[in-house]
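Structural features, examined
Below are the chains, spelled out letter by letter.
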Amino acid sequence: MSATVTLRRLEMPLVRPFRTSKGEETVRDVLVASWTEDGVTGWAESAADPEPTYFPEYIDGVRLTIEKVLLPLLASASGPLTAGALRRAFAQVPGNPLARGLLETAVLDAELRRHQMPFVDFLCSARRPIRVGVSVGIPGDLDTLLAWVAGYLEDGYRRVKLKIAPGWDLEPVRTVREAFGDELPLQVDANQAYTPADTPLLGKLDEFGLVLIEQPFARHELLGHAKLAARHGTPVCLDESVLSLDDAMTAIRLGAADVINIKPSRVGGYVTARQIHDVCLANGVPVFCGGTLETAVGRAANLALATLPGFTLPGDISATSRYYAADIGPSFELDADGCLTAPSGPGIGVEVDLDTVDKFTVESTTLTL
Ligand code: NPG
């Protein structure tokens, strides 16, 4: 038996620049893994960025970790290389959830395709339409923001997330609230741009009736988040603070998270994502599925995950056209209710378009096991 892993870095032009408190992207660098064994190929997509911007890991680091640390562990593993076998083999590796999750998900997809099992069945869930939202980057001015939000609402999105940063917070939120009314589910995401000293300022957001404020403080600032949440103003959501099941459990115990954004890639794959979902559900903490401007590969798997019952809030899973003019798999478009549905085929259910993959690939490494 021999398996090959191909790690490709794609450069995919975005239809609109995406600016957050961390910086701006006009092209999304996407790391995609494919795992081929016995003629069956599984696919997975990483949330890694070119630099360690949002997460401690980054594209080149993930590639090296897979090549130098994770694959060698598999060479000595006995029995079939299932996703479960990978989890056991990688349990000794601390951290590195993006690297572990990328490989595990590609193997899982191949395994499910081999067994003709759709991802939702593996998750013991059921395929259904998922309410999704849109995450709006920071534009240059308020008029552009209003035009972008109006366009997204026209496209059918029913929930809007605004990126905020010091100097771009109360005014844009007030402007959007006034323009589109109190009924619009509106939330904000600071990507760690504030400190607990900004709590009085953030408290002023309470008057806008937001669904939540996401990751206002640095990822290690669990106590600051807990204090903010204890005010019982705008619900506090954690994203970058949660890189593992342990992180999620600690945050819940500390009262640092009213809501958790589950990004499967960030936490080490879909099995851990499901575990975090289960713990949140048991503790009455609502979750939503986060996104990192995924291609069809990541989007399909995220839509399957978001069918689980604890995902009561609309996810950051938008239609293909919100991100890319050309994608590496099928297009996902909103239905009349503002929902997307995962494909029905085995595994993640996406036939990857290799010609388009080749077109966007700027670096590729194939490793044999
Ligand atoms: O629709 O996929 C989407 C974007 C959702 O805002 C979004 N993602 O901070 O959650 C985030 C942000 C992100 C994008 C984070 C890219 C990291 C990389």
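Residues numbered from 1 in each chain as written. Predicted model: local features only at pLDDT ≥ 70, side-chain atom pairs only at ≥ 80, totals over all residues. Heavy atoms only, no water.

1. Things to note about the sheet that holds strand β1 (residues 3-20)
- An order of β3-β2-β1-β13 is seen for the four strands of this open sheet, with the pairing classed as antiparallel. One side of each edge strand has no neighbouring strand; the edge strands of this open sheet are β3 (40-45) and β13 (361-368). The average undirected angle you get between the axes of adjacent strands in this sheet is 25 degrees.
- Inspection of the sheet shows β1 paired to β13 by seven bridges, in the antiparallel sense. Each bridged residue has a counterpart across the sheet, and for Leu-7 the counterpart in β13 is Thr-365. (Pairing = 2+ DSSP bridges. Helix = DSSP H or I, 4+ residues; strand = E, 2+ residues; numbered from the N terminus. Axes fitted to C-alpha atoms, helices over the stretch in contact; angles between N-to-C directions.)

2. Some details on helix α3 (residues 97-114)
- End to end, α3 covers 25 Å across 18 residues, agreeing with the expected 26 Å (1.5 Å per residue, within 8%).
- Judged by how many residues are buried, α3 sits mostly within the fold: 17 of 18 residues are covered.
- Backbone geometry just downstream of α3 places Gln-116 in the positive-phi region, at approximately 55 degrees. (Expected span 1.5 Å × (residues − 1). Buried < 20%, exposed > 50% of the residue type's maximum accessible area, 1.4 Å probe, protein only.)

3. Structural notes on the nonpolar core
- The biggest cluster of nonpolar side chains holds 90 residues, and the ones touching the most others in it are Phe-119, Val-136, Leu-162, Val-173, Leu-205, Ile-260 and Leu-305.
- Tallying contributions element by element places helix α12 (residues 296-305) first for this core, with seven residues.
- Look past the residues within four positions of Phe-119 in its chain and what remains in contact with it is Leu-108, Leu-112, Tyr-270, Ala-301, Ala-304, Gly-347 and Ile-348.
- Within the second largest apolar cluster, 31 residues are counted, among which are Ala-3, Phe-55, Leu-70 and Leu-73. (Core = buried A, V, L, I, M, F, W, Y, C linked by side-chain atoms within 4.5 Å. Contact = heavy atoms within 4.5 Å.)

4. Digging into the site of the ligand
- Among the 17 residues in the neighbourhood of the ligand, the closest are listed as Ser-135, Asn-191, Lys-263, Leu-293 and Tyr-323.
- Thr-292 places a main-chain nitrogen or oxygen 3.4 Å from an oxygen atom of the ligand.
- Residue Leu-293 places a main-chain N or O atom 2.7 Å away from an oxygen atom belonging to the ligand.
- If the ligand stood free it would expose 440 Å²; the protein chains cover 100% of that surface.
- Placement of the ligand is best described as lying within the largest cavity.
- Residues belonging to the shell around the ligand are distributed by class as follows: four nonpolar, four polar and nine charged. (Near = heavy atom within 4 Å. Polar contact = N/O pair within 3.5 Å; in protein donor to acceptor, adjacent residues only side chain to side chain. Areas by Shrake-Rupley, 256 points an atom, 1.4 Å probe, with all protein chains shown as cover. 1 Å grid on protein atoms, 1.4 Å probe; cavity = no way out; pocket = protein on both sides within 12 Å on 5 of 7 lines; lining within 4 Å. Sits in = over half its atoms within 2 Å of the grid points. Nonpolar A, V, L, I, M, F, W, Y, C, P; charged D, E, K, R; others polar.)

5. Observations concerning the environment of Asp-141
- If you trace the backbone, Asp-141 turns up in the loop between β5 (134-136) and α5 (142-155).
- The sequence separation of Asp-141 and Arg-299 amounts to 158 residues, and the corresponding C-alpha distance is 30 Å.
- Here the side chain of Asp-141 touches Thr-144 through a polar contact of 2.8 Å, landing on its backbone nitrogen.

6. A word on the side chain of Thr-105
- Topologically, Thr-105 is positioned in helix α3.
- By relative accessible area, which is 7% here, Thr-105 ends up buried.
- Setting aside residues no more than four positions away along its own chain, Thr-105 makes contact with Trp-43, Ala-44, Gly-269 and Tyr-270.

7. A look at the pattern of salt bridges
- Enumeration over the complete set of coordinates arrives at 21 salt bridges.
- Between Lys-163 and Asp-189 there is a salt bridge; the shortest N-O distance is 2.7 Å. Of this pair, Lys-163 sits in strand β6 (residues 160-163) while Asp-189 sits in strand β7 (residues 186-189), and the two are 26 residues apart along the sequence. One exposure class covers both Lys-163 and Asp-189, and it is buried.
- The residue Lys-263 makes a salt bridge to Asp-239 at a minimum N-O spacing of 2.8 Å. With a gap of 24 residues between them, Lys-263 in the loop between β10 (259-262) and α10 (264-267) and Asp-239 in the loop between β9 (236-238) and α9 (245-254) connect regions that are remote in the sequence. In this pair, the class of Lys-263 matches that of Asp-239, namely buried. (Salt bridge = Lys/Arg side-chain N within 4 Å of Asp/Glu carboxyl O.)

8. Here's the deal with the packing of α9 against helix α11 (residues 270-282)
- Across the interface, α9 lies against α11 with an axial gap of 9 Å and an inter-helix angle of 15 degrees. The pairing of α9 with α11 is recorded here as roughly parallel in orientation. In the crossing of α9 with α11, the sense of the turn from one axis to the other is right-handed. Packed against α9, whose contacting residues are Leu-245, Ala-248, Met-249 and Ile-252, the element α11 presents Thr-272, Gln-275, Ile-276, Val-279 and Cys-280 at the interface.
- For the contact of α9 with α11, the residue count by class is seven nonpolar, two polar and no charged. (Parallel < 35°, antiparallel > 145°, perpendicular 65-115°, else oblique. Left-handed = near helix turned anticlockwise from the far one by under 90°.)

9. Comments concerning the layout of surface pockets
- In this model, the largest pocket occupies a volume close to 240 Å³.
- What lines the largest pocket is a set of 18 residues, among which Arg-87, Arg-100, Val-267, Gly-268 and Thr-272 lie closest to the centre.
- Contributing elements (two or more residues each) for the lining of the largest pocket: α2 (83-90), α3, α9 and α11.
- A per-class count over the lining of the largest pocket returns nine nonpolar, five polar and four charged.
- In this structure, the second largest pocket spans a volume of roughly 180 Å³.
- Lining the second largest pocket are 14 residues, and of these Glu-24, Glu-25, Asp-49, Pro-50 and Thr-53 lie nearest its centre.
- Listed by contribution, the elements that provide at least two residues to the lining of the second largest pocket are β1 and β2 (23-37).
- With six residues, the top contributor of residues to the lining of the second largest pocket is β2.
- Counted by class, the lining of the second largest pocket contains four nonpolar, three polar and seven charged residues. (Points joined across faces, edges and corners; volume = space filled by probe spheres on them.)

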